[in-house]
Amino acid sequence: MDFERLFRADLEKLKEDGNYRVFADLERRAGSFPKAHHHVDGTDTQDVTVWCSNDYLGMGQSAIVTAAMHEAIDKCGAGAGGTRNISGTNHYHVLLERELADLHGKEAALLFTSGYVSNWATLGTLLGRIPDVMVFSDEMNHASMIEGIRHSRARKVIWKHNDLDDLRAKLAAADPDAPKIVAFESVYSMDGDIAPIEAICDIADEFGAMTYLDEVHAVGMYGPRGGGVAEREGIMDRLTIIEGTLGKAFGVMGGYITGSTALIDWIRSFSSGFIFTTALPPTLAAGALASIRHLKKSEMERRRHKDNVAKVRLGLTRAGIPWLDNPSHIVPVMVRDAKKCKWISDILMDQHGVYVQPINYPTVARGAERLRITPTPLHTDADIAHLVASLSSLWSQCALARHVA
Ligand SMILES: *Cc1c(COP(=O)(O)O)cnc(C)c1O
């Protein structure tokens, strides 16, 4: 087998389709978010404004967060020094798990090294260990849930995205004696739509199903204390498990689940993806703790963020640039062509100092290629005007359809 040839042929195919991923070599500079240096060809640097970060509120550069991390590294050093079971549990982990349980109104919480791992490991363990269990998974669920489900080899049923009738029909058609888990997200990151959480819980209850909610794109962002969409709607107690990340709005890194004492203790005790890996560095736990505590009390970041999202949408509408309407903070600008999407993104970066990564297949369906714009509270009015003007000029060059405002 000529492995090298196989690798090169696969990569060639990706490039032909316009789906080859090129990473922007960025140097984020603390205190000047969302500005960054872009390293070009290993020699030059260019100043760019980042418009596609998941550090939605700029907490990754908040002095409150970095001060807590400095303090923790001076106190505890660099790494955790082991798995949670073998010398790696640091007091910061314990404090953070308490904080997370409180954030979601649950008895307990469990940290993982990322949101991806928390979904993969938790669903994998639940579905792998509960006899005869079945999972009902929204068709737009994130790769981390899909992989956890696949790994478990449990029976799975995919229901149509946010479609309550389809969910009910599929639950009703299933073996009534099988234990059931309904897995879904609150804010879906590519279209920015939001699940009807309460109605899904009502249906799950009818069939005695457990509910698993990924609030990755909502924690820190929605609800009076940043507990997510379920907090905003006052229904956190309706979810069996709420999962989140420390890497997006909280600005640091790590993932977690929250739930009952017994459930968390059970995952802690049986989940390979939790047990056999080095614990998060104390610095990350300390930074996340500071970030969560701050966003529990402070509305300022969320309010400014909302204002900026509205300003970006208004600007795009006035320029006739089509964006996908949704009830969240994500502004998908639809290009619907992989090559044009990549081209626009390249020119935005090279000629306008605007960084928006193109989103192509397989992250979204073919024909749904887009620029996924994520305004932050730290973008200025001038940044917004520049983004809209740059997009508008490229829209003409690319002969893309405009919407009449
Ligand atoms: C990003 C993401 C994750 C993974 O979280 P990380 O902390 O980045 O690993 C999980 N679920 C959804 C919906 C995501 O978008």
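This text follows the structure it describes.
Description of the structure in this document. Being a predicted model, the structure only gives us computed values, none of them experimental.

### Observations regarding empty space enclosed by the protein
Reasoning step 1: On inspection of all chains with the given rule, the structure shows 1 cavity of 30 Å³ or more.
Reasoning step 2: Here the largest cavity is characterised by a volume of approximately 80 Å³.
Reasoning step 3: If you go around the largest cavity, the residues you meet are Arg-84, His-93, Leu-111, Phe-112, Thr-113, Gly-273, Phe-274, Thr-277, Thr-278, Ala-279 and Leu-280.
Reasoning step 4: Put simply, the parts of the chain that give the lining of the largest cavity at least two residues each are strand 4 (108–112) and helix 11 (272–275).
Reasoning step 5: Among the residues forming the lining of the largest cavity, the class breakdown is 5 nonpolar, 5 polar and 1 charged.

### Some remarks on the packing of helix 5 (residues 115–129) against helix 6 (residues 143–152)
Reasoning step 1: Following both chains from N to C, one finds helix 5 and helix 6 inclined at 30°, their axes separated by 7 Å at the closest point. One finds that helix 5 runs roughly parallel with respect to helix 6. The chirality of how helix 5 crosses helix 6 is right-handed. Contacts between helix 5 and helix 6 pair Tyr-116, Asn-119, Trp-120, Leu-123, Gly-124, Leu-127 and Gly-128 from the former with Ala-143, Ser-144, Met-145, Glu-147, Gly-148, Ile-149, His-151 and Ser-152 from the latter.
Reasoning step 2: In terms of residue class, the contact of helix 5 with helix 6 is made up of 7 nonpolar, 7 polar and 1 charged.

### Let's talk about the sheet that holds strand 3 (residues 44–50)
Reasoning step 1: In spatial order, the strands read 1-2-3-12; together these 4 strands make up an open sheet with mixed pairing. The open sheet has two edge strands with one neighbour each: strand 1 (26–28) and strand 12 (354–355).
Reasoning step 2: Strand direction decides the pairing type here: strand 2 (residues 35–40) and strand 3, joined by 6 bridges, are antiparallel. Within the sheet, the bridge partner assigned to His-39 lies in strand 3 and is Thr-45.

### Details of the sheet that holds strand 8 (residues 210–214)
Reasoning step 1: Spatial strand order, 4-10-9-8-7-5-6: 7 strands in an open sheet with mixed pairing. Edge positions in the sheet fall to strand 4 and strand 6 (155–159), since each has one partner strand and no second. Adjacent strand axes in the sheet meet at a mean angle of 20°, parallel and antiparallel pairs treated alike.
Reasoning step 2: Relative to strand 6, strand 5 (residues 134–138) runs parallel, the two being bridged by 5 bridges. Its bridge partner lying in strand 6, Asp-138 is registered against Trp-159.

### Observations regarding the layout of surface pockets
Reasoning step 1: Of the pockets and cavities examined, the second largest pocket occupies roughly 290 Å³.
Reasoning step 2: In this structure, the second largest pocket is lined by 17 residues; those nearest its centre are Met-221, Tyr-222, Arg-232, Arg-302 and Lys-306.
Reasoning step 3: Considering each element in turn, the lining of the second largest pocket owes the most residues, 7 residues, to helix 13 (residues 300–319).
Reasoning step 4: For the lining of the second largest pocket, a count of residues per class yields 7 nonpolar, 4 polar and 6 charged.
Reasoning step 5: Each of two domains, domain 1 (28–57 + 300–404) and domain 2 (63–296), supplies a minimum of three residues to the lining of the second largest pocket.

Basis of the calculations
Residues numbered from 1 in each chain as written. Predicted model: local features only at pLDDT ≥ 70, side-chain atom pairs only at ≥ 80, totals over all residues. Heavy atoms only, no water. 1 Å grid on protein atoms, 1.4 Å probe; cavity = no way out; pocket = protein on both sides within 12 Å on 5 of 7 lines; lining within 4 Å. Points joined across faces, edges and corners; volume = space filled by probe spheres on them. Helix = DSSP H or I, 4+ residues; strand = E, 2+ residues; numbered from the N terminus. Nonpolar A, V, L, I, M, F, W, Y, C, P; charged D, E, K, R; others polar. Axes fitted to C-alpha atoms, helices over the stretch in contact; angles between N-to-C directions. Parallel < 35°, antiparallel > 145°, perpendicular 65-115°, else oblique. Left-handed = near helix turned anticlockwise from the far one by under 90°. Contact = heavy atoms within 4.5 Å. Pairing = 2+ DSSP bridges. Domains from an automatic or database assignment.

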